[in-house]
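Examining the three-dimensional arrangement
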Amino acid sequence: MSEDVRMVAWVRGRVQGVGFRWFTRAKALEIGGLSGFALNLGDGRVQVVAEGAREHCEGLLDWLQAGDTPGRVDGVTEIWDTPRGGYEGFAIR
């Protein structure tokens, strides 16, 4: 049984205006069992917050880092924490 975690990732590169948040949400739904959101930041990055089983969050992080995303990912920085809850599904903000 996997523990539930919270993963917050900041994605750098050409990730705004290319459908990145929509594809991130679609991937989170495909993986299943994740709640959270993808949000454009004012500095050009996208913040991704995902809560759920560790292996599901790791799967989303792997996808973010793999380069199979729209646009161009130059790097991903992530932190891990305990879940806070309060999310209804996976949203685009």
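You'll find the protein chain entered in an unreviewed UniProt entry as acylphosphatase, with Streptomyces atrovirens given as the organism. Turning to the protein chain, the UniProt annotation filed under Sequence similarities (unreviewed entry) states: "Belongs to the acylphosphatase family." Per UniProt, the comment on the protein chain under Catalytic activity (unreviewed entry) is "an acyl phosphate + H2O = a carboxylate + phosphate + H(+)".

For the rest of this paragraph, the subject is the overall build of the protein chain. A tally of regular secondary structure across the protein chain gives two helices and five strands. Along the chain direction, N to C, the helices and strands of the protein chain fall in the order β-α-β-β-α-β-β. For the protein chain, whose C-alpha radius of gyration is 12 Å, the value lies close to the compact-globule estimate of 12 Å for 93 residues. The dimensions of the protein chain, computed from C-alpha atoms along their principal axes, are 35 × 25 × 20 Å. Split into buried and exposed, the 93 residues of the protein chain put 38% on the buried side. Residue pairs in contact within the protein chain that sit at least 24 positions apart in sequence constitute 77% of those at least 6 positions apart. In the structure as shown, the protein chain presents an accessible area of about 5,000 Å², 46% of it carried by carbon and sulfur atoms.

The subject of this paragraph is the nonpolar core. In this structure, V48, L60 and L64 are the most contacted members of the largest nonpolar core, which totals 19 residues. Elements with a contribution of two residues or more to this core: β1 (4-14), α1 (20-31), β3 (46-53) and α2 (54-66). The leading source of residues in this core is α2, at five residues. Other than its neighbours up to four places away in sequence, L64 contacts A9, V11, F20, T24, V48, T69, V73 and V76.

This part covers the side chain of T24. Tracing the chain through its elements places T24 in helix α1. A polar contact is formed between the side chain of T24 and the backbone oxygen of F20, at a distance of 2.8 Å. Contact partners of T24, with chain neighbours within four places excluded, come to A38, V48, L60, W63, L64 and F90.

When the terminal C-alpha atoms of α2 are compared, their 18 Å separation across 13 residues agrees well with the 18 Å that a helix rising 1.5 Å per residue should span. The complete set of buried residues in α2 reads C57, L60, L61, W63 and L64. Projected down its long axis, α2 shows its buried positions confined to an angular sector of 155°, all on one face. Where α2 is buried, its residues touch β1, α1, β3, β4 (72-81) and β5 (90-92).

Definitions and cut-offs
Residues numbered from 1 in each chain as written. Predicted model: local features only at pLDDT ≥ 70, side-chain atom pairs only at ≥ 80, totals over all residues. Heavy atoms only, no water. UniProt positions renumbered as here; feature names shortened; annotations may be inferred. Helix = DSSP H or I, 4+ residues; strand = E, 2+ residues; numbered from the N terminus. Rg over C-alpha atoms; globule rule 2.2 N^0.38 Å. Buried < 20%, exposed > 50% of the residue type's maximum accessible area, 1.4 Å probe, protein only. Contact = heavy atoms within 4.5 Å. Areas by Shrake-Rupley, 256 points an atom, 1.4 Å probe, with all protein chains shown as cover. Core = buried A, V, L, I, M, F, W, Y, C linked by side-chain atoms within 4.5 Å. Polar contact = N/O pair within 3.5 Å; in protein donor to acceptor, adjacent residues only side chain to side chain. Expected span 1.5 Å × (residues − 1). Arc of directions from axis to C-beta.

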